[in-house]
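Coordinate analysis (summary)
Each chain, letter by letter, is given below.
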Amino acid sequence: MMSGTLRTGGRVLADALVAQGIRHAFAVPGESYLDVLDGLYAVQDRIELVTCRFEAGCVNMAEACGKLTGRPAAAFVTRGPGACHGSIGVHIAQQDSTPLLLFVGQIPFEETDRESFQEVDYRRMFQPLAKWVTQIDDAARIPELVAHAVDIATSGRPGPVVIALSEEMQKRLVDVPDIGPAPVARAFPDPAALQALAALLANASRPLAILGGSRWSEQGRADIRAFLVGHDIPATVAFRRQSLYDGTLANYAGDLGVGSDPALVARAREADLILAVGTRLGEAVTQGYTLYPATGGAPIIHIHPEASEIGRVFRPALSIVTDVNVAAHALAALPKPAETPWSDWTRELRALRMAGLIPPGQTGPLDLGHVMRELAELLAPDAIITCDAGNFATWPPRFINFRNAQRFIGPTNGAMGYAVPAAIGAAISHRGRQVVACVGDGGFLMTGQEIATAFHHGVAPIVLVFNNAMYGTIRMYQERAYPGRVSGTTLTNPDFARFIEAFGGHGETVSATAEFAPAFRRAVASGKPAVIELRADPEQITTRATIAQLRASAKG
Ligand SMILES: Cc1ncc(C[n+]2csc(CCOP(=O)(O)OP(=O)(O)O)c2C)c(N)n1
Ligand SMILES: [Mg+2]
C-alpha cells in the first residue's frame, strides 16, 4: 500500500497478513473483529478465509497448516469464550514447536479493567501457553507487530504468537506502509563443532539418530537423508514426527515415543552415540526421561535451534545451536567415511522394524494390524495423514512405513480432537492431495462436527474412526492400576456412517478385515468427505495387549 492512503486498522491487518505471505485465515467470527473481517473481504483473492464451526477446530486447522508448511497460518477467534475454546491449539503449537498466529478480537480499549463483557487480559491468559503475547492498541503499529509476530513464530524454536486486537483500534484510519517478510535469522553451526561431531562418530560402534522438531524444509529432509544413508546410521523419529524421514529406507528403524516398539526402545538404550537432530529430548521421546542417564551415559550430540533446550535434562557431549535445515546441509557435506563399522547394527534395527510390521494376529473379526498394512498400500504416494490422540493412534505408525512424500502429523502434546480439523486444514492448504484422518470414537465426537467446514470449503478428507466404544487409553491405565474396576471410560456412540451421511458425505462401516480395502476405495471414489467406521474389538486395547493380558499382569 502506497503512503498517503488512509486505511482502517482492520484493512491494515489484512494487508499485513498478505505482505507476510499468509494465505489462509481460519475463523469463527465475533463482533469483536468486524473490521478485520471487512479487511479480509477486501483481500479475499489473496487470503482464503475459512469459516469454522468451533474455535478448537479453527486453531487446530491453522496449526496443521503451520506444521505442514513451516509458515504460520492465521486463526481468528472472538474475545473471552472464543479465546478459551481456541486455547488448545495454542498449547499444541507450543509443545509441537509449530509457527502459528492467533488473533483475538478484544474489548474496546476504554473499557479495560472493568471486567466488561467478555473481557480477558490475554497477556496473562496465554503467558504460559504461547511463545509471545501482545495486544495492538495503535493501528499504525499493526505492520510492525505482525511482522515481529511472524519472526518470533518462525525463528529459533518455532511456536505460537497470540495477538489481541482492541476493538476501536481496528476502526481507526491510519496512513502506514506495509512491511514484508524478512529472511528469518538462522544460526549456523560452528565448523569446530562439526569436526567434533565427526570425531565422536568415528569412535562410535552403535550410533543412533533421533529426528524431530519443526520447520524442516524439503531440502533439509533430503540433506539429512543423504547424511544418514551415506553414513548408514539408523534413523528414528521422535513421537509423531514420522513426516521427517522416508520409512521405506533401509536405515529407518521406527519411532521413539508413546507406544513404540519395546524391542527398539531396548536397543536404543544400547546406542553408544546419540545424534538428536532438531528434537527436544522430551518426556515422550526419552520414555519418561529414562532412555539415557542424565549424565555419564553414552555421548549425546544435541542439535537444536534453541540453546535453552539443549542440556535441559540430558547433558550433551556436544551441543550445536543451529537451524535444522542448516544442520542437515552441513551434515550432508561431511565426507563419507571409508567404512561404517556400525552397519550390522543398522541392519539389525531395520530387521526389527520390518519384523514389527507383520501383524501378530488379534482377537475379533477386524484385525487392525492387517487393516493398517492394507492402508499402507491404498494411500496415495503423497497422502497427508493426520492423527488424533488415543490408543488407536499407535496402529498406523506401528504398521506403516510412511513414504518420502507422505506426511503423517499428529499432536505431540496428546490433544484429542486434533485429527479431523487438522485434516481439513491440510486439505484446504494442500488442495489436490489425498488427506486421511485417523481418530478414535472419543476424539471424533470432540471436533468431528468440523466436517461441516470441509463441505463448506469443498474439500474431501477421509476420516477413519477407530470405534472401541471407550476412552481406550484411560481404560488401559485403569486396567493396569485398578484391574476390572471400569470407571468413567465406556462410551455410547452414534452410527458414524449415518453421521457423515447427514452432512451429505460418504459413510462406511467396517466390521471385518476383508471389508476395509473395498470400503476405502469406495470412499476415495465418492470424492466426498467420508467417514469409515472401524468396529474395533474393545478387547484389543493396544497393538500389543488385550484387556485380559493387562489384568493378568496387573494382578501378577
Ligand atoms: C483434549 C483431551 N482430553 C482428554 C485427554 C485424556 N485422554 C487421552 S487418550 C483418551 C481416550 C481417547 O479415546 P478415543 O479417542 O476413543 O481413542 P482410544 O484410546 O479409545 O483408541 C483420553 C480421554 C486428552 N489427551 N486430550
Ligand atoms: Mg475409543
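The structure presented is a predicted model; accordingly, all values stated were derived computationally and were not measured. Here, residues in each chain are numbered from 1, in the same order as that chain's written sequence. Chains and ligands are labelled by the order in which they are written, letters from A for the one and numbers from 1 for the other. Since the coordinates come from a predicted model, pLDDT governs what is reported: local features require at least 70, and pairs of side-chain atoms require 80 or more to be given and counted, while whole-chain, interface and lining totals use all residues. With hydrogens and water stripped out, all remaining heavy atoms of the structure feed into the side-chain values.

Here the aromatic set is Phe, Tyr and Trp, taking the six-membered ring for Trp, and pairing holds for ring centres within 6.5 Å; pairs whose planes are under 30 degrees apart are stacked, those over 60 apart are edge-to-face, and all others are tilted. Scanning all chains against the criterion turns up 12 aromatic pairs. Seen in terms of ring centroids, Tyr-245 and Tyr-252 are 6.4 Å apart; in terms of plane orientation they differ by 25 degrees. Their pairing is stacked. The two residues Tyr-245 and Tyr-252 agree in class, both being buried. The structure contains a cluster of three or more aromatic residues connected by ring pairs, namely Phe-444, Phe-455, Phe-496, Phe-499 and Phe-503. Buried, partly exposed and exposed residues are distinguished by accessible area as a fraction of the type maximum, computed with a 1.4 Å probe on protein chains only: under 20%, between the cut-offs, and over 50%, respectively.

Turning next to the coordination of the magnesium ion (ligand 2). Metal sites are built from N, O and S donor atoms within 2.8 Å, or 3.2 Å for Na, K and Ca, and they leave out water, so they may look incomplete. Only Asp-441 (OD), Asn-468 (OD1) and Met-470 (O) from the protein coordinate the magnesium ion (ligand 2), and they sit 2.1 to 2.2 Å from it. In the primary sequence, the donor residues of the magnesium ion (ligand 2) line up as D-x26-N-x1-M. Taken together, the residues span a long stretch of sequence, with Asp-441 in helix 16 (residues 441-447) and Asn-468 in the loop between strand 18 (462-467) and helix 18 (472-481) at a distance of 27 residues. Each of the two residues, Asp-441 as well as Asn-468, counts as buried. Helix and strand definitions here come from DSSP, where helices need a minimum of 4 consecutive H or I residues and strands a minimum of 2 consecutive E residues; each element is numbered from the N-terminal end.

Salt bridges are counted wherever a side-chain nitrogen of Lys or Arg sits within 4 Å of a carboxyl oxygen of Asp or Glu. Tallied over the entire structure, the rule returns 26 salt bridges. Residue Arg-186 is joined to Asp-323 by a salt bridge in which the shortest nitrogen-to-oxygen separation is 3.8 Å. Note that Arg-186 is positioned in the loop between strand 8 (173-174) and helix 8 (191-202) and Asp-323 in the loop between strand 14 (318-321) and helix 11 (324-332), a separation of 137 residues in sequence. The class for Arg-186 is partly exposed, based on a relative accessible area of 45%. Owing to a relative accessible area of 15%, Asp-323 belongs among the buried residues under this scheme. For the salt bridge of Asp-382 with Arg-433, the shortest nitrogen-to-oxygen distance reads 3.6 Å.

Axis geometry follows a simple rule: fit a line to the C-alpha atoms, using only the stretch in contact for helices, then measure angles between N-to-C directions, giving values from 0 to 180 degrees. It is at 10 Å that the axes of helix 10 (residues 262-269) and helix 12 (residues 343-356) come closest, and there the two elements cross at 160 degrees. Between helix 10 and helix 12, the angle is such that the two are roughly antiparallel. Viewed along their axes, helix 10 and helix 12 form a crossing whose handedness is left-handed. Residues Ala-263, Leu-264 and Arg-267 of helix 10 lie in contact with helix 12, whose contacting residues are Trp-345, Glu-348, Leu-349 and Leu-352. Residues of the contact of helix 10 with helix 12, tallied by class, amount to 5 nonpolar, no polar and 2 charged. To sort the angles, those under 35 degrees are grouped as roughly parallel, those over 145 as roughly antiparallel, those from 65 to 115 as roughly perpendicular, and the leftovers as oblique. What makes a crossing left-handed is the near helix being turned counterclockwise from the far one by less than a right angle; a clockwise turn instead makes it right-handed. In this analysis, two residues are considered to be in contact whenever any of their non-hydrogen atoms come within 4.5 Å of each other. We call Asp, Glu, Lys and Arg charged. Ala, Val, Leu, Ile, Met, Phe, Trp, Tyr, Cys and Pro are nonpolar, and the rest, Gly among them, are polar.

To estimate how far a helix should reach, multiply one less than its number of residues by 1.5 Å. Between its first and last C-alpha, helix 3 (residues 55-69) extends 21 Å over 15 residues, near the 21 Å set by a 1.5 Å rise per residue. For helix 3, a buried count of 14 out of 15 residues is recorded, marking the element as mostly surrounded by other parts of the structure.

Next up on the list: unusual backbone geometry. A positive phi angle, near 55 degrees, is found at Ser-97, a position not held by glycine. Positionally, Ser-97 belongs in the loop between helix 4 (81-96) and strand 5 (100-106). Given a relative accessible area of 5%, Ser-97 falls into the buried group. Of note in this structure, Tyr-289 is not a glycine but carries a positive phi near 65 degrees. With relative accessibility at 39%, the residue Tyr-289 sits in the partly exposed group.

Right, let's talk about the site of ligand 1 for a bit. Here a residue is considered near a molecule or strand provided that any single heavy atom belonging to it is located within 4 Å of it. Around ligand 1 sit 16 residues in total, of which Asn-391, Gly-414, Asp-441, Gly-442 and Gly-472 are the nearest. Definition of a polar contact: a pair of N or O atoms within 3.5 Å, with one able to donate and the other able to accept a hydrogen when the atoms are protein atoms, and with sequence-neighbouring residues admitted only if both atoms are side-chain atoms. At 3.3 Å, a backbone N or O of Met-416 approaches a nitrogen atom of ligand 1. At 2.8 Å from an oxygen atom of ligand 1 is found a main-chain nitrogen or oxygen belonging to Gly-442. For every accessible area listed, the method is Shrake-Rupley and the probe measures 1.4 Å; residues are considered covered only by the protein chains on display. Relative to its unbound accessible area of 580 Å², ligand 1 is 78% covered by the protein chains. For the shell around ligand 1, the elements supplying multiple residues, two or more each, are helix 16 and helix 18. At 4 residues, the largest contribution of residues to the shell around ligand 1 is made by helix 16. Among the residues making up the shell around ligand 1, the classes are represented as 6 nonpolar, 9 polar and 1 charged.

This is a description of form; function is not addressed.
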